[in-house]
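Understanding the architecture of this molecule
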Amino acid sequence: SEKHIIPSVKLKTQIEIKRKKNSRDPFFDPFFDSFFNKTQTKYLKSDEKFITIKPFPDPRPDNFFGAVGSFKIHSEIDQEEVVINEGFTFKISLKGTGNLGLFTLPEIKFPNGLDAFPPNDSFKKDAFRNEITGSQELEYVLVPRKEGSFKIPSVQISYFNLKSKTWSQIETNQYIISVKRDINQVAELSGLSKKEIELIGKDIRFINTEKIT
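Residues numbered from 1 in each chain as written. Predicted model: local features only at pLDDT ≥ 70, side-chain atom pairs only at ≥ 80, totals over all residues. Heavy atoms only, no water.

**A closer look at the nonpolar core**
The following threshold applies: Buried Ala, Val, Leu, Ile, Met, Phe, Trp, Tyr and Cys residues form a nonpolar core when they are joined through side-chain atoms within 4.5 Å. The buried label applies to any residue whose accessible area, calculated with a 1.4 Å probe on protein chains only, is under 20% of its type's maximum; exposed applies above 50%, and partly exposed to all values in between. By definition, any uninterrupted DSSP run of H or I lasting at least four residues is a helix, any uninterrupted run of E lasting at least two residues is a strand, and each is numbered from the N terminus. In what follows, a contact means two residues having at least one pair of non-hydrogen atoms within 4.5 Å.
Counting residues in hydrophobic clusters, the biggest one holds 28 residues, and the most contacted among them are Phe90, Ile152 and Ile177. Listed by contribution, the elements that provide at least two residues to this core are β5 (64-77), β7 (88-98), β10 (133-144), β11 (148-152), β12 (156-161) and β14 (175-180). With near-sequence residues (within four places) excluded, isoleucine 152 lies in contact with Ile77, Phe88, Phe90, Phe110, Leu114, Leu142, Gln174, Tyr175 and Ile177.

**Quick look at the pattern of salt bridges**
Note the cut-off: By definition, a salt bridge exists where a carboxyl oxygen of Asp or Glu is found within 4 Å of a side-chain nitrogen of Lys or Arg.
As enumerated under the stated definition, the model contains two salt bridges in all. In this structure, aspartate 115 engages arginine 145 in a salt bridge whose closest nitrogen and oxygen atoms are separated by 2.8 Å. Pair noted here: aspartate 115 is in strand β8 (residues 114-116) and arginine 145 is in the loop between β10 and β11, with a separation of 30 residues, a long-range link. What makes aspartate 115 partly exposed here is its relative accessible area of 34%. For arginine 181, the salt bridge is made with glutamate 147, and the minimal N-O distance between the two is 3.4 Å. On the criterion of sequence distance, the pair formed by arginine 181 in the loop between β14 and α2 (187-190) and glutamate 147 in the loop between β10 and β11 is long-range, its members being 34 residues apart.

**Remarks on the pairing of strand β3 (residues 38-45)**
To keep things clear, this is the line we draw: Criterion used throughout: strands pair if DSSP finds at least two bridges between them.
Here β3 lies mainly on the outside; zero of its eight residues are buried. For strand β2 (residues 10-17) and β3, the ladder comprises eight bridges, and the chain directions are antiparallel. Across the sheet, the residue bridging to leucine 11 is leucine 44, located in β3.

The following block contains the structure:
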């Protein structure tokens, strides 16, 4: 928070000075005359701009990562009930107007037993607006490694609201994922390779517990 000066832009250019044309001159030719026009050196200079940067009000929230503007956040998952080693996606979408793309979303601490692969990060800007308006999306692929219930925590982020000149907080929903063991998955129990599992799947059949008539 201090004062800054955006320096002026200087440009050196050549300005063409056209001669007065005498149409009564029998040797006058407009085509050849364009090659003999005189030029004059001219310097162009823009004005300096003075910018005052204001400080953020105190106290600053702990979950503030540099977002300034007006934003909304949303999350979604494609499945709430999965089996062990079955992957599902978890998306976080941030939309609004402000310094999008200049700050990061908070790191998510997923529970143990839930492997998270590095997310795909995409940023889209609305080119039809003067202000920086757009959306940023993170897409995680999550794979559970054991059965049980897993809680995906809420993602909370604070930003400085330029309209109200105050701190605002947005957050996503939290999700409970139910993970069950698949009776057809014998890999974890037997330690067999994928090829061996495919062969067993063709040979083993379930026991018929009903009475045979």
